[in-house]
Amino acid sequence: MTSFNRSTSRRLKKLTQIPSVWEGDRRPLSSPNQVSDSEAKGECILWVDYSQGVVRGMDVVASDTGPEAIVRTLMQAMEHPQSPARPARPQRIVVKDREIQFYLRGVLQDLDIAIDYAPELPLIDELFRGFADILDSQTPDLPPQYAQILREKAFAIWQAAPWEFLQEQQILSIEINKWDVGTLYASVMGMLGMEYGILFYRSEDSLKQFRAAVLTDEESTEHLEEAFLKQDCLFLTFESVDETDEDDDEEDDLADLPLSEIDPTFGNIHPLEGLRSVLYDEEALVILVAIESLSRFIRDHRRQLHEDIFPTLSRRYRISLPQSEESTKSVPVTVSTMPQLAAELEEMAGFGIDDEEIDNLDFQSLRDDLIPEDSFLSLGVVSWEMLEFLRKGVSYHQAGEIKQVGDGLPVILIQTSRPKAKTVIERIEAAGGLRAICFNPGADPFDGDRYDLGLLQTQNGELFLFGEFLDEDPIHVEARKKWNQRCKNTKGYCGLIIAKGLTGASRGNPQLRDMMALFEGRSLSPKDLGIGTLQLMPQLKFE
């Protein structure tokens, strides 16, 4: 058994010994009425002066902490007691645990303190009853009868990962018509890799008003917070279990974490209530039905939802309810896509290019003679600070006023030799400059391979192939995902950088001095371009 150092014993014996009885105990921090894991909440150690009716020391420890913890708390109660008590040593200690009694007798044998046992500790019992009452009066985050099934459904959504193919403006309607809820409008968050979750708006107007408010003033924190709190929605969000890395600047995507490190959070936002991370019984049933029906819809239509064009789909489900006081055993739910609303929200946000620009696109032919075959190619981003240096130091062609949102301007970088770079720049300038950059689907009918084709469009309408990427290439898939996210941030603006130094020390990593030209343009979707899937012909390139 561990005992005090002699110096510690001498120090404690110098404390004034007062004629009082202290009670001590260690109990779980939970209420018998709560459906919870008491071990997760730990245990509370209390030392009280029964004679004076005051708490002298208190600590909360993990349930598996050894008996030394109760001695450490006792030392605090003696040497550094809570106000208004003064440092002192008791004449008698009473505990209701035989093991604690025998342990303390061995440890405190040199301090002239009597250690007794009693089946009841009146003052401590009263205090812990008060703690239990407080815990019982607290509203749990989720109704206990629905907590487990809600978490299970949330993890099913996490594994389905709808944010991999659904953008925030691609809204799904969930018609429930129960619990005073008509239709919910689900907006999936996560394609930008920042916040993952689903917002279930109670009305289409609330969704539109929030989008309009955000677009009005994207840079005002106070304005955004006010707009956020005026939403009318239920929500499911996902966070890391360990939130200690708040200052980490690395782009550690939540999606890369194992399921055991993901924590779902449910809640409600309302203009008059604000934000609360608590669901009441009816709200829990509503979001349970919404999540389950959404999961089934994603399972049934995953392939169609991956298409570039947001399809028109609708499906009816009957969702079983968990056992509850309600007589209803199931609820009919209809889930539908809303392409028209998605287009309206995209127009509000200014995605893609103007209608006039789209009307002016005239696809003449696809050429592959602009970019040298041995060029180094990458999809990346130029920080806003670096962009200013580029605009001043290289041949620069501006596309429009770009708001500095996100980590920088998305760019395609092409590195070749200096003579070839000059030729590329001259040809683009002769064609009137760069109009747009697009990734368009391509297919090889002979071997079945599918491609993501990188295309440049010049102002005279010509299309030039700059890259062919296999659809299944994981590196390109990740690069495309980031490209899409960044173009969304910049409202469709992007850039093309032509650099020299292909055979030098900076091959694959051109420095500012290697960059010869910056062409700004707009990002086009395959729908904007309107040329369909390009087929590889026997003796030709894609055309």
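The following refers to the structure shown. (Residues numbered from 1 in each chain as written. Predicted model: local features only at pLDDT ≥ 70, side-chain atom pairs only at ≥ 80, totals over all residues. Heavy atoms only, no water.)

Some thoughts on the overall build of the protein chain
Scanning the protein chain from N- to C-terminus turns up 15 helices and 23 strands. Taking all 543 residues of the protein chain together, 47% fall into the buried category. Counting contacts in the protein chain only where the partners sit at least 6 residues apart, residues at least 24 apart contribute 68% of the total. With an accessible surface of roughly 28,400 Å², the protein chain has 47% of that area assigned to carbon and sulfur atoms. (Helix = DSSP H or I, 4+ residues; strand = E, 2+ residues; numbered from the N terminus. Buried < 20%, exposed > 50% of the residue type's maximum accessible area, 1.4 Å probe, protein only. Contact = heavy atoms within 4.5 Å. Areas by Shrake-Rupley, 256 points an atom, 1.4 Å probe, with all protein chains shown as cover.)

Topic: the pattern of salt bridges
Where side chains of opposite charge bring their charged atoms close, a pairing between them can arise. Under the counting rule described, the total for this entry stands at 26 salt bridges. Residue Arg92 pairs with Asp116 through a salt bridge whose shortest N-O separation is 2.5 Å. Of this pair, Arg92 sits in strand β4 (residues 89–95) while Asp116 is found in strand β5 (residues 114–117), placing the two residues 24 residues apart along the sequence. Residue Asp116 is classed as partly exposed on the basis of its relative accessible area of 24%. Glu283 is the salt-bridge partner of Arg276, the closest N and O atoms lying 2.5 Å from each other. Pair check on accessibility: Arg276 and Glu283 agree, each one buried. Salt bridges here are not isolated pairs; linked through shared partners, they connect Arg367, Asp369, Arg427 and Glu462. (Salt bridge = Lys/Arg side-chain N within 4 Å of Asp/Glu carboxyl O.)

Some details on the sheet that holds strand β3 (residues 54–61)
Strand order across the open sheet formed by five strands is β3-β2-β1-β4-β5, with mixed pairing between neighbours. Because the sheet does not close on itself, it has two edges, and the strands there are β3 and β5. Recorded for the sheet is a direction-independent mean angle of 20° between the axes of neighbouring strands. Bridge count between β4 and β5: four bridges; the pairing is parallel. (Pairing = 2+ DSSP bridges. Axes fitted to C-alpha atoms, helices over the stretch in contact; angles between N-to-C directions.)

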